[in-house]
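Residue-level structure breakdown
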Amino acid sequence: MWLPTYLENQYNLNSKQTWINALPYLVMAPSAMGWGWVVDLWLANSHQSSKRISSNTIRKVATAVGFMGGAVGLMLFCAASTPHVAILLLCGTFFISSLSLCGWEAAKLNALDSSKAGMLQGVSNTIS
């Protein structure tokens, strides 16, 4: 894990005595589920409206916003002046970047037959 080492080297924050290292990850888990719900709602509403947006477009938008938001957040994170500001910025970065999971991961899993999606996810997680 890079975050405890970074905070210790950059801000002299003792990584063994602080829970703050886990905070960005604790933000990312529920935000990924929340973004999944929002994107699913967007998909459902787009199929019912007269201005139909393809699921491919919705996934591309989710991926682009997640990746670009994450990139901007990491640039701001590098300029943080205190460890608390750095963690706050990283929490925001993890929050917005988890949106990319709704587009990128879903597109990857739907590339094959949906009956093979679980196998593909298992193999890709094993390799990474």
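Residues numbered from 1 in each chain as written. Predicted model: local features only at pLDDT ≥ 70, side-chain atom pairs only at ≥ 80, totals over all residues. Heavy atoms only, no water.

Turning our eyes to something else, we now look at the overall build of the protein. Looking only at helices and strands, one finds six helices and zero strands in the protein. Buried residues in the protein amount to 30% of all 128 residues. Accessible area for the protein stands at about 8200 Å²; split by element, carbon and sulfur atoms hold 67% of it. (Helix = DSSP H or I, 4+ residues; strand = E, 2+ residues; numbered from the N terminus. Buried < 20%, exposed > 50% of the residue type's maximum accessible area, 1.4 Å probe, protein only. Areas by Shrake-Rupley, 256 points an atom, 1.4 Å probe, with all protein chains shown as cover.)

This part is about unusual backbone geometry. Positive phi outside glycine occurs at Asn 12, with the angle close to 55°. Within the element layout of this structure, Asn 12 appears in the loop between α1 (2–11) and α2 (23–48). Of the residues examined, Asn 12 reaches a relative accessible area of 70% and is grouped as exposed.

Turning next to the packing of aromatic side chains. Aromatic ring pairs are defined here through the distance separating the ring centres and the angle between the ring planes. The tally for this structure, following the rule as stated, stands at six aromatic pairs. On the numbers, 5.2 Å between centres and 40° between planes, the contact of Tyr 6 with Phe 77 is tilted. With a gap of 71 residues between them, Tyr 6 in helix α1 and Phe 77 in helix α3 (residues 55–78) connect regions that are remote in the sequence. By relative accessible area, which is 4% here, Phe 77 ends up buried. (Phe/Tyr/Trp six-rings, centres within 6.5 Å; stacked < 30°, edge-to-face > 60°.)

What follows concerns a nonpolar patch on the surface. Residues Trp 37, Val 38 and Leu 41 make up a contiguous nonpolar surface patch of about 310 Å² in total accessible area. Positionally, Trp 37 belongs in helix α2. (Patch = residues over 30% accessible without salt bridge, like charges linked within 9 Å, V, L, I, M, F, W, Y side chains within 5 Å. Salt bridge = Lys/Arg side-chain N within 4 Å of Asp/Glu carboxyl O.)

Attention now goes to α3. Relative to the 34 Å expected for 24 residues at 1.5 Å per residue, α3 spans 35 Å between its end C-alpha atoms, a close match to the ideal helical length. Every buried residue of α3 is listed here: Ile 58, Arg 59, Ala 62, Thr 63, Gly 66, Gly 70, Gly 73 and Phe 77. (Expected span 1.5 Å × (residues − 1).)

What follows covers the side chain of Asn 21. Along the chain, Asn 21 turns up in the loop between α1 and α2. On the basis of relative accessibility, which here comes to 9%, the residue Asn 21 falls in the buried class. Residues contacting Asn 21, with those up to four places away along its chain left out, are Leu 3, Pro 4, Leu 7 and Ser 15. (Contact = heavy atoms within 4.5 Å.)

Another point: the confidence of the model for the protein. Averaged over all residues, the pLDDT of the protein is 83; the fraction at 70 or higher stands at 88%. No element of the protein has a lower mean pLDDT than helix α5 (residues 100–110), at 71, and none a higher one than helix α4 (residues 83–97), at 93. (pLDDT = per-residue confidence, 0-100.)

By the secondary structure assignment, Trp 35 is in helix α2. Counting along the chain gives 65 residues from Trp 35 to Ser 100, while the straight-line C-alpha distance between them is 8.9 Å. With sequence-adjacent residues up to four places away left out, Trp 35 is seen in contact with Phe 95, Ile 96, Ser 98, Leu 99 and Cys 102.

Another point: the nonpolar core. Formed by Leu 3, Leu 7, Tyr 11, Ile 20, Phe 77, Ala 80, Ala 86, Ile 87, Leu 90, Cys 91 and Phe 94, the largest nonpolar core amounts to 11 residues. Where this core is concerned, the elements lending two or more residues are α1 and α4. Looking at this core, the element that brings in the most residues is α4, giving five residues. Apart from the residues within four sequence positions on either side, Leu 90 is in contact with Trp 2, Leu 3, Pro 24, Leu 74 and Phe 77. Grouped together as the second largest cluster of nonpolar side chains are seven residues, Val 39, Ile 58, Leu 99 and Cys 102 included. (Core = buried A, V, L, I, M, F, W, Y, C linked by side-chain atoms within 4.5 Å.)

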